[in-house]
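Understanding the architecture of this molecule
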Amino acid sequence: MEDDEVVIIGAGICGLATALALHRKGIKSVVLEKSDSLRNITGAAIGIWQNGWRALDQLGVADTLRRTAAAIKRDRMVSLDGGRQHDTSIDGEFRSLKRKDLIDTLYAALPPATVKFGCQLESIKIDPNTTKPVLRFIDGSSIMAKVVIGCDGGKSIVANFLNLKATKMFPLCGIRGFTNYRNGHLFDHEFARFRKDNVLVGRIPINGNMVYWFIAQPYVPADKRIWEDPEEIRRTSLEFLSDFPQDVQEMIEYADANSLSFARLRYRAPWDLLTGKFYKGRVVVAGDALHVMGPFLGQGGSAGLEDAVVLARNMAQLGFNRVESGRKVMVHDHEEAFNIFARERRMRVFRLSLQTYLTGMLLGTSSRLKKVIYIVLLVVLFSNTRGHVDYDCGVL
Ligand SMILES: Cc1cc2nc3c(=O)[nH]c(=O)nc-3n(C[C@H](O)[C@H](O)[C@H](O)COP(=O)(O)OP(=O)(O)OC[C@H]3O[C@@H](n4cnc5c(N)ncnc54)[C@H](O)[C@@H]3O)c2cc1C
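To start, this report covers the structure provided alongside it. Note that the structure is predicted; figures quoted are calculated from it, not measured.

What counts, and where the lines are drawn
Each chain carries its own residue numbering, running from 1 in the direction its sequence is written. Given that the model is predicted, a residue must reach a pLDDT of at least 70 before its local features are reported, and side-chain atom pairs must reach 80 or more before they are shown or counted; all residues, however, enter totals for whole chains, interfaces and linings. Side-chain metrics in this entry use all non-hydrogen atoms of the structure; hydrogen atoms and water are not considered. When at least one non-hydrogen atom of a residue lies within 4 Å of a molecule or strand, that residue is treated as near it. For this analysis, a polar contact is any N or O atom pair within 3.5 Å, provided that within protein one partner can donate a hydrogen and the other can accept it, and provided that sequence-adjacent residues contribute only side-chain to side-chain pairs. Secondary structure elements follow DSSP: runs of H or I no shorter than four residues count as helices, runs of E no shorter than two count as strands, and numbering proceeds from the N terminus. Throughout, the ten residues Ala, Val, Leu, Ile, Met, Phe, Trp, Tyr, Cys and Pro are labelled nonpolar, Asp, Glu, Lys and Arg are labelled charged, and all others, Gly among them, are labelled polar. Multiply 1.5 Å by the residue count of a helix minus one, and that product is the helix's expected span. Buried residues are those whose accessible area, probed at 1.4 Å on protein chains only, stays under 20% of the maximum for their type, while exposed residues exceed 50% and partly exposed ones sit between those limits. Axis angles are defined between N-to-C directions and span 0 to 180 degrees, where every axis is a line fitted to C-alpha atoms and, for a helix, only to the segment in contact. An angle counts as roughly parallel when it lies under 35 degrees, as roughly antiparallel when it exceeds 145, as roughly perpendicular when it falls between 65 and 115, and as oblique in every other case. We call a crossing left-handed when the near helix sits turned anticlockwise from the far one by less than a right angle, and right-handed when that turn is clockwise. In this analysis, two residues are considered to be in contact whenever any of their non-hydrogen atoms come within 4.5 Å of each other. Of the two site types, the cavity is a set of points on a 1 Å grid over the protein atoms alone where a 1.4 Å probe fits but cannot get out, and the pocket is an open set with protein on both sides within 12 Å along at least five of seven lines, each lined by residues with an atom within 4 Å of a point. Grid points are joined across faces, edges and corners, and a volume is the space filled by probe spheres set on the points. In the sections that follow, a salt bridge refers to a side-chain nitrogen of Lys or Arg positioned within 4 Å of a carboxyl oxygen of Asp or Glu.

Taken together, 31 residues are adjacent to the ligand, and Glu33, Gly47, Arg99, Asp288 and Gly301 come closest. Lys34 has a polar backbone atom sitting 3.1 Å from a nitrogen atom of the ligand. Between an oxygen atom of the ligand and a side-chain N or O atom of Asp288, the distance comes to 2.7 Å. Breaking the shell around the ligand down by element, the ones donating at least two residues are α1 (13-24), β3 (45-48) and α10 (300-317). The dominant element in the shell around the ligand, judged by the number of residues it contributes, is α10, at three residues. Of the residues contributing to the shell around the ligand, the split by class is 12 nonpolar, 12 polar and seven charged.

This is the structure in structure tokens:
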């Protein structure tokens, strides 16, 4: 690691996308990741709506990824409480990508050695003489960075440095996995959701054999083994699904054990995004580190891709890749680039987070009064329930 580089913390979707966006604008960066290898297995798959595809187009990887997953054309919501079903066609692009495909493709598009593994950030301090951030790692090493972009996820150290308020927990947990039907599945290419009481199951085919599914269900402090043991995840999920259709239960029974993951659902309060600092001096946050949200709209990952495009565009416009007489020149406008980024992104991530929050709280509460309040707020504030997918992050 060298001093005075553009440093990105975290090689998740947002960190890799940000490095790629910067690379496409001619700005060199280094990504420091705490794991010893690419984290491309956990979380099974990710639904990407058309706003996310626009960002992937700008990153130059959309066509490669389109080849890995079928387009989904219908959205079907089934309420098992009242037997109602609501079908809508999906006009824009929606596909469910295997996380491995997404992460591997972003990584492969980067110059070699952009990502350094086994680098766990411990703390950030500002050097009083140069005003540059000094990053200290748990192995005791430290570097001075030109700027720091915190893409270190929902438990972000960089967000703490910016004094963003602590994240909170939904009363729900998320379980995800794949089921591979060797002889092909018989499901339509639709995004099907089944809801009963406080449990929601989503199912999205990736191709003719493989189906991605997720469950949002009440978080009951579970046997600790659930964090490590896939069979415990399967058993706990099936307990919640005894009243669900047989094909849903079978999907969980036959799921690939290696793909099963369990997560408590965390969010940054939308009102904290309205007031919180997105950057301080040479340090900025993006992705889940800034706006971790529940999975109820399927937008957390896409919002991180949008962040990457907007941030890199502003950094390039403010001269981060300026070359004079064959040499890169120092840039003093980092604060202005981050300021424009914050201005462009604040209302977007606030509205996404608010709609996600209300949707999650509606699913998680048993109180009738609260349900009515959440429904009224959703209807009043988000009458076009899928309006958020029309967002265009613009050209890189
Ligand atoms: C159940 C569930 C379903 C979801 N479904 C969808 C969906 O369908 N569509 C969608 O768009 N989004 C979805 N999301 C949200 C999406 O997964 C996240 O928004 C996205 O993965 C966040 O990416 P990120 O890169 O910002 O953070 P992360 O993926 O958390 O990556 C952070 C990276 O930083 C590293 N790191 C952390 N701390 C440090 C440190 N101190 N030093 C160095 N490295 C560090 C981590 O190891 C990690 O690699 C879902 C989330 C959940 C929980």
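It is worth spelling out α1 at this point. Taking 1.5 Å per residue, 12 residues should reach 16 Å; α1 reaches 16 Å between its end C-alpha atoms and fits that length. Burial runs high along α1: 10 of the 12 residues are buried. Every buried residue of α1 is accounted for by Ile13, Cys14, Gly15, Leu16, Ala17, Thr18, Ala19, Leu20, Ala21 and Leu22. Just beyond α1, the residue with positive phi is Gly26, at close to 80 degrees.

For the pair α10 and helix α11 (residues 334-364), interaxial distance at closest approach is 9 Å and the crossing angle is 160 degrees. It follows from the interaxial angle that α10 and α11 lie roughly antiparallel. Judged by the sense of rotation from one axis to the other, the crossing of α10 with α11 is right-handed. Of α11, the residues touching α10 (which contributes Ala303, Glu306, Asp307, Val310, Leu311, Arg313, Asn314 and Met315) are Ala337, Phe338, Ile340, Phe341, Glu344, Arg345, Arg348, Val349 and Leu352. Here the contact of α10 with α11 is composed, by residue class, of 10 nonpolar, one polar and six charged.

Time to look at empty space enclosed by the protein. Scanning all chains against the criterion turns up one cavity of 30 Å³ or more. Here the largest cavity defines a volume of roughly 40 Å³. Taken together, 10 residues form the lining of the largest cavity, with Cys173, Gln217, Val220, Thr236 and Phe262 sitting closest to its centre. Contributions of two or more residues to the lining of the largest cavity are made by β15 (210-218) and α6 (230-240). When the residues that make up the lining of the largest cavity are grouped by side-chain class, the tally is eight nonpolar, two polar and no charged.

What follows deals with the environment of Tyr254. Looking at the element boundaries, Tyr254 is found in the loop between α7 (246-253) and β16 (261-267). Separated by 89 residues in the primary sequence, Tyr254 and Lys165 have C-alpha atoms spaced 41 Å apart. The contacts of Tyr254, once residues within four sequence positions are left out, are Thr179 and Arg234.

A few words on the pattern of salt bridges. Where side chains of opposite charge bring their charged atoms close, a pairing between them can arise. Under the definition given, this model contains 26 salt bridges. Of the charged contacts in the structure, one is a salt bridge between Glu5 and Lys28, with a shortest N-O distance of 2.8 Å. Of this pair, Glu5 sits in the segment before β1 (6-9) while Lys28 sits in the loop between α1 and β2 (29-32), and the two are 23 residues apart along the sequence. On the accessibility criterion, Glu5 (11% relative accessible area) is buried. A residue is classified by how much of its surface remains accessible, and Lys28, at 59% relative accessible area, is exposed. A salt bridge links Asp247 to Arg203, with the shortest nitrogen-to-oxygen separation between them at 3.8 Å. Residue Asp247 is located in helix α7, and its partner Arg203 is located in strand β14 (residues 199-205); the two are separated by 44 residues in the primary sequence. Through salt bridges with shared partners, a single ionic network connects Arg74, Arg76, Asp87, Asp188, Glu190, Arg203 and Asp247.

This part covers the environment of Arg66. Residue position: Arg66 is located in helix α3 (residues 62-66). Along the sequence, Arg66 and Phe338 sit 272 residues apart, while their C-alpha atoms lie 31 Å from each other. Contacts of Arg66, omitting those with residues within four sequence positions, involve Trp53, Asp57, Glu93 and Arg95. Here the side chain of Arg66 touches Asp63 through a polar contact of 2.7 Å, side chain to side chain.

Right, let's talk about unusual backbone geometry for a bit. Backbone geometry places Ala44, a non-glycine residue, at a positive phi of 55 degrees. Relative to the helices and strands, Ala44 resides in the loop between β2 and β3. Residue classification places Ala44 among the buried residues on the basis of a relative accessible area of 2%. Although it is not a glycine, Asp197 adopts a positive phi angle of roughly 50 degrees.

At their nearest, the axes of α1 and helix α4 (residues 99-108) sit 9 Å apart, and the two run at 30 degrees to each other. Classed by the angle they form, the pair α1 and α4 counts as roughly parallel. Viewed along their axes, α1 and α4 form a crossing whose handedness is left-handed. Here α1 contributes Ile13, Leu16, Ala17 and Leu20 to the contact with α4, which in turn contributes Arg99, Leu102, Ile103, Leu106 and Tyr107.

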